[in-house]
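Letter by letter, the chains look like this.
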Amino acid sequence: MAAFGALVSVMHIIDQIQTHPCPPISIDQIQVECLTKVITSLQKFLESYSPHSGYTKEEDVWESRIAETAYDAEDVIESYIVDQIHARSETDVENISSAEFYQGLEKVIENMNLIKSEIEEKMVIVQDQPNIMKSVSTAAAAGSSRSASTTANDVAMVGFDEVLDQMLDKITGGGQDRQILPIVGMGGIGKTTLARNIYVSPLVQESFDVFAWTTISQEYNAKEILRQVHDQVVKGKGDGLSEYELGDYLYKYLFGRKYFIVMDDMWNIEAWDRVRSFFPDNRNGSRIVVTTRLSNLASQFNYSNGLDLNFLDENTSWELFCKIVFGEETCPLELEDVGKKIVQGCKGLPLSIAVIGGLIAKPVRTKESWGSFEKNLSSIVNLKDDENCLQVLYMSYNNLPVHLKPCFLYFGRYGEDEVIRVSELILYLDAEGFIKPINGKSLEEVAEKYVEELVDGNLLIVEKRRHCGKLKSLKMHDLLRDVCLREARKLKFLYVVETKSDPKGIYLYRRIVDRLNKWESPIQSLKSTAPVRSFFGRWSNNFGLLRVSEFEVEDWEEYEKTSVKRVNSRLLLISSPCGYFGNYSPVSYLWNLQTMIIHCKFCVFDIWKMPQVRHVRVSYWPESGTISVPDPLSDDEDMENLQSLHTVDNFKFSAGVLKRILNIKILKLRYQDITGIEGEYYQLNSICCLHKLEYLGLMCTRSYRHWVREMSFPDSLKKLTLQCTYLHWKDMKTKIGYQDEEDNWAWH
């Protein structure tokens, strides 16, 4: 819930001020102790509080009041920080006095204590139902082992064996003309799962020459459809090509080949009409499978070749549920009756069964806890199909442990069917401030644990895992995303702007996603005093309290003027259409910047002015962007928090640099266009002193390849990428000391 995340966020702010080497403000220690005490008490209340079992449009009064007071605390503290930093940089600014700040914080503490007292008086925390529901939800979070149950991805084909065989017969049999085979059914019924099983079937893999998968969605983009297919079949990147060029390349490649394409989640025939001419009919049995929720769309193809997916019957639903909850074990007799009632509430929808099964699959399976769950589920059995599905899936949110709810709601910022890179997601979750610390773990490790728990509960779809088993990319099912957006909007946690009309009360939201162009968006009318903490859009804005933001910058000088106001920034992602940034001078004002991501060809960035920064990344597709980092001054801070830095142009490993980056884990370097300077100047051999370095990327032009031959690498290295170094494998074995793990090393 948003309230719990807001309380955690307040504690983060206080901790960051107290542990900062040069804090922008100081807070009275007695007030810190009072805030900590009352926030801890309210957190404990929320951890055992479950306001209602089904989805409602109204916000719960306790959650709302707690969230508002937490937001007030954030506003008082962060506004004072902005004011104080501005006052130091501009002499004519009228600033808030320390007395006013003290009084403002004192009022917040009084309001929080008032809520705490009212809660204790009304004994909300000891109701039986919330505690029973909590036992179910904490059990869902407790099982950290993925082997405790079978996930929906492993067993979702239960009940579909017959239809899979039918589709395989149609795909590999029939005429030689190119055929389009639609799979039709409501959201969550298993269309994509069936299509994936067809796609990876050995029979299909043996019968076709070329394979590709593209996801289309409601807001289709013909160029993106072609690019996805092009990149898979041509094995190249088509980002710089026009729609016609992509289609032309694709047509020529597919011509004469027997191809199998899946077009997942098509919503209108126009999407197909825009690209159909680029898929030739080679008269060799090529097939295109289309998944859609719309029967009328499927009828515009050769519907006789298609398939309508129906709900699972009782027996198949029970079989699927048991495989998700118990894996290879059988259901205990004492749980069978209540378990079948739970399955009945899912009405044969595989997604609902998978989500509910994932929720109660962990240890602590008792008849009492399942009975409580069944009572809440049974209250929504008789609703219409679409509303029933929403309510069933809402239970998966409502019964999450309270610390996971803000994390789940945050996925609403991503688009429909968007592939989410977990490495970037973790940085955003950390910067948002609602990850509760765990002793012995970094906040990024805790955030990764949160995401894994959501995956274990079947609330997220795993797209890819890394070779080590860690998550690489994710997606969220459309129906779960709908639950996410509804709840996030209700709690004023997140608002997605998709229409030109001015959304009512949008100035109250803490996070805004703007999918419109600058000239269409109503966000322009919002004042800089709006309490927006995160903004995701295509253009800059004047919100003064931002922590997280991403947008394009057209006028760099104008952006520098406005960015001075955003002194509380923790994560910035900036793109430059022109490709170049100058020296980013406002960095000295960004007292708490943790992550800086710049999409440009080249920029100059003095990282030594930001002691809190953890990640600095520069990229520019399709070319590699680089950053120039000046030498540190003698009084610059050590960068003990810095974990990743890339890609740096002609980086010099002086003694002053080396001692400041000893904790770095990821480093990418490029050496080029150097005149009259020997390798000793850059001291690349010092890299062996970085004993926490796990990934090194190094590119240099032919003139400097001898520098690499003279280098040695630290034993901590897990991955090494060398480009244009012209080293032989026998040389690499000597340097890296590993004989059998060539997969971890790449060179060109």
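Quick caveat, the model's predicted, so the values are computed rather than measured. Just so you know, the residues in each chain are numbered from 1, in the order the chain's sequence is written. Given that this is a predicted model, residues contribute local features only at a pLDDT of at least 70 and side-chain atom pairs are listed and counted only at 80 or more, while totals for whole chains, interfaces and linings are drawn from all residues. Side-chain metrics rest on all non-hydrogen atoms present in the structure, leaving aside hydrogens and water.

(A) Representation of the sheet that holds strand β7 (residues 461-465). Strand pairing follows a simple DSSP-based rule, namely that at least 2 bridges must link the two strands. Helix and strand assignments follow DSSP, with helices taken as H or I runs no shorter than four residues and strands as E runs no shorter than two, numbered in order from the N terminus. Sheet architecture is open: three strands sit in the order β6-β8-β7, paired in antiparallel fashion. For this open sheet the edge positions go to β6 (420-421) and β7, each flanked by a neighbour on one side alone. In terms of strand pairing, β6 meets strand β8 (residues 471-475) through two bridges, oriented antiparallel. When the sheet's bridge partners are listed, I420 is paired in β8 with L474. Along the sheet face, helix α21 (residues 443-456) touches β7 and β8 and points at about 55° away from the line of β8. Throughout, a contact is declared for two residues whenever any of their heavy atoms are within 4.5 Å. Axes here refer to lines fitted to C-alpha atoms; in helices the fit is confined to the stretch in contact. Angles between the N-to-C directions go from 0 to 180 degrees.

(B) Representation of the packing of aromatic side chains within the structure. Side-chain rings of Phe, Tyr and Trp (the six-membered ring for Trp) are treated as a pair once their centres are within 6.5 Å; stacked means planes under 30 degrees apart, edge-to-face means over 60, and tilted covers the remaining angles. In the structure shown here, the tally under the stated rule is 24 aromatic pairs. Plain terms: the ring middles of Y199 and F260 are 6.1 Å apart, the flat faces sit at 40° to each other, and that makes the pair tilted. Of this pair, Y199 sits in helix α8 (residues 191-199) while F260 sits in strand β3 (residues 259-266), and the two are 61 residues apart along the sequence. Only protein chains enter the area calculation, which uses a 1.4 Å probe; residues under 20% of their type maximum are buried, those over 50% are exposed, and those in between are partly exposed. Exposure remark for Y199: the relative accessible area of 16% places this residue in the buried category. In this structure F260 comes out as buried when scored by relative accessible area, which is 0%. Ring centres of F411 and Y414 lie 6.3 Å apart, and the angle between their planes is 45°; this geometry places the pair in the tilted category. Of the two residues, F411 and Y414, both sit in the buried class. Through pairs of rings, three or more aromatic residues link up here, namely Y199, F208, F211, W213 and F260. Just above the ring of Y71 sits the side chain of R510; from NZ or CZ to the centre is 4.1 Å. Either the NZ atom of lysine or the CZ atom of arginine qualifies as a charge over a ring when it sits within 6 Å of the ring centre and within 35 degrees of the ring normal.

(C) Examining the packing of helix α7 (residues 161-172) against α8 more closely. Two numbers describe how α7 lies on α8: the axes approach to 10 Å, and their chain directions differ by 55°. The angle between the axes of α7 and α8 places the two elements in the oblique class. Pair α7 / α8 crosses with right-handed handedness. Of α8, the residues touching α7 (which contributes V163, L164, M167, L168 and I171) are L194, N197 and I198. In terms of residue class, the contact of α7 with α8 is built from seven nonpolar, one polar and no charged. By definition in this entry, angles of less than 35 degrees are roughly parallel, angles greater than 145 are roughly antiparallel, angles of 65 to 115 are roughly perpendicular, and the rest are oblique. Crossings are classed by handedness, with left-handed meaning an anticlockwise turn of the near helix from the far one by less than a right angle and right-handed meaning a clockwise turn. Three classes are used: nonpolar for Ala, Val, Leu, Ile, Met, Phe, Trp, Tyr, Cys and Pro, charged for Asp, Glu, Lys and Arg, and polar for all others, with Gly counted as polar.

(D) Molecular detail of the pairing of strand β13 (residues 571-575). Among the five residues of β13, five are classified as buried, and the element is accordingly described as predominantly covered. Residues L571, L573 and S575 of β13 are buried on one face, and the alternating residues L572 and I574, pointing to the opposite face, are buried as well. Across five bridges, the pairing between β13 and strand β15 (residues 595-599) is parallel. Paired with L572 across the bridge in β15 is M596.

(E) Representation of the side chain of H615 in the model. Tracing the backbone shows H615 in strand β17 (residues 615-619). Polar contact criterion, stated in full: a pair of N or O atoms within 3.5 Å, where within protein one must be able to donate a hydrogen and the other to accept it, and residues adjacent in sequence count only if both atoms are side-chain atoms. A polar atom in the side chain of H615 sits 2.8 Å from the side chain of E444.

(F) Up close: the state of the cysteines. Cysteine sulfur atoms are paired as a disulfide whenever they come within 2.5 Å of each other. Under the defined criterion, the tally for this structure stands at zero disulfides. Residue C331 stays outside any disulfide, its sulfur separated by 5.1 Å from that of C322, the closest cysteine. The class of C331 is buried, set by a relative accessible area of 13%.

(G) Representation of the sheet that holds strand β4 (residues 287-292) in the model. Strand order across the open sheet formed by five strands is β2-β3-β4-β1-β5, with parallel pairing between neighbours. On the outer flanks of this sheet lie β2 (210-217) and β5 (307-308), each paired with one strand and no other. Of the pairings in the sheet, the one linking strand β1 (residues 179-184) to β5 comprises two bridges and is parallel in character. Of the residues in β5, the one forming a bridge with V184 is D308. Seen against the sheet, helix α10 (residues 222-233) touches β2 and β3 and runs at an angle of roughly 155° to β2.

(H) Just the environment of L454, in detail. You can see L454 is positioned in helix α21. Along the sequence, L454 and L359 sit 95 residues apart, while their C-alpha atoms lie 9.5 Å from each other. Not counting chain neighbours up to four residues away, the residues in contact with L454 comprise L400, L404, C407, F408, F411, L459 and L460.

(I) Expanded view of the pattern of salt bridges. Throughout this description, the term salt bridge denotes a Lys or Arg side-chain nitrogen within 4 Å of a carboxyl oxygen of Asp or Glu. What the rule picks out here adds up to 28 salt bridges. A salt bridge links E432 to R511, with the nearest nitrogen and oxygen atoms 2.9 Å apart. Of this pair, E432 sits in helix α20 (residues 422-432) while R511 sits in strand β10 (residues 511-514); the two residues are 79 residues apart in sequence, bridging distant segments of the chain. Within the structure, one salt-bridge network assembled from shared partners comprises E74, D75, E78, R510, R533, R547 and R570.

(J) Broad picture of the packing of helix α14 (residues 314-326) against helix α15 (residues 333-345). It is the contact of α14 with α15, at a shortest axis distance of 10 Å, that shows an interaxial angle of 115°. With respect to their mutual orientation, α14 and α15 come out roughly perpendicular. The two elements α14 and α15 cross, and the hand of that crossing is right-handed. Residue-level inspection shows S317, W318, F321 and F326 of α14 in contact with α15, the latter providing L335, E336, G339, K340, I342 and V343.

(K) Spatial organisation of a positive patch on the surface. Within the patch definition used here, like charges are joined within 9 Å and nonpolar side chains (Val, Leu, Ile, Met, Phe, Trp, Tyr) within 5 Å, considering only residues with over 30% relative accessible area and no salt bridge. Reported accessibility uses the Shrake-Rupley method at a 1.4 Å probe radius. Residues are deemed covered only where the shown protein chains occlude them. Asp and Glu are treated as the negative residues and Lys and Arg as the positive ones, with His and the ends of the chain left uncounted. In this description, the location of a charge corresponds to atom NZ of lysine, CZ of arginine, CG of aspartate or CD of glutamate. Taken together, K237, K464, R466, K472 and K719 make up a surface patch of like positive charges. Turning to its location among the elements, K472 is positioned in strand β8. With relative accessibility at 38%, the residue K472 sits in the partly exposed group.

(L) Seen up close, a negative patch on the surface. A contiguous patch of negative charge on the surface is contributed by D161, E162, D165, D169 and E319. With four residues, the single largest contributor to the negative patch is α7. For D169, the position within the fold is in helix α7.

(M) Quick peek at the nonpolar core. Grouped together as the largest cluster of nonpolar side chains are 96 residues, with contacts concentrated most on L46, I77, M112, F411 and L474. Broken down by element, the residue count for this core peaks at eleven residues, all from helix α3 (residues 61-89). Setting aside residues up to four positions removed in sequence, I77 forms contacts with I13, I14, I17, I25, I27, F101 and L105. Buried Ala, Val, Leu, Ile, Met, Phe, Trp, Tyr and Cys residues that are joined via side-chain atoms within 4.5 Å together make up what is termed a nonpolar core.

(N) Highlighting helix α4 (residues 98-122). Here the expected span of a helix is defined as 1.5 Å times the quantity of residues minus one. Along its 25 residues, α4 runs 37 Å from first to last C-alpha, staying within 8% of the 36 Å computed at 1.5 Å per residue. Among all positions of α4, only F101, L105, V108, I109, M112, I115 and I119 are buried. On its buried face, α4 sits against α1 (2-19), α2 (29-47) and α3.

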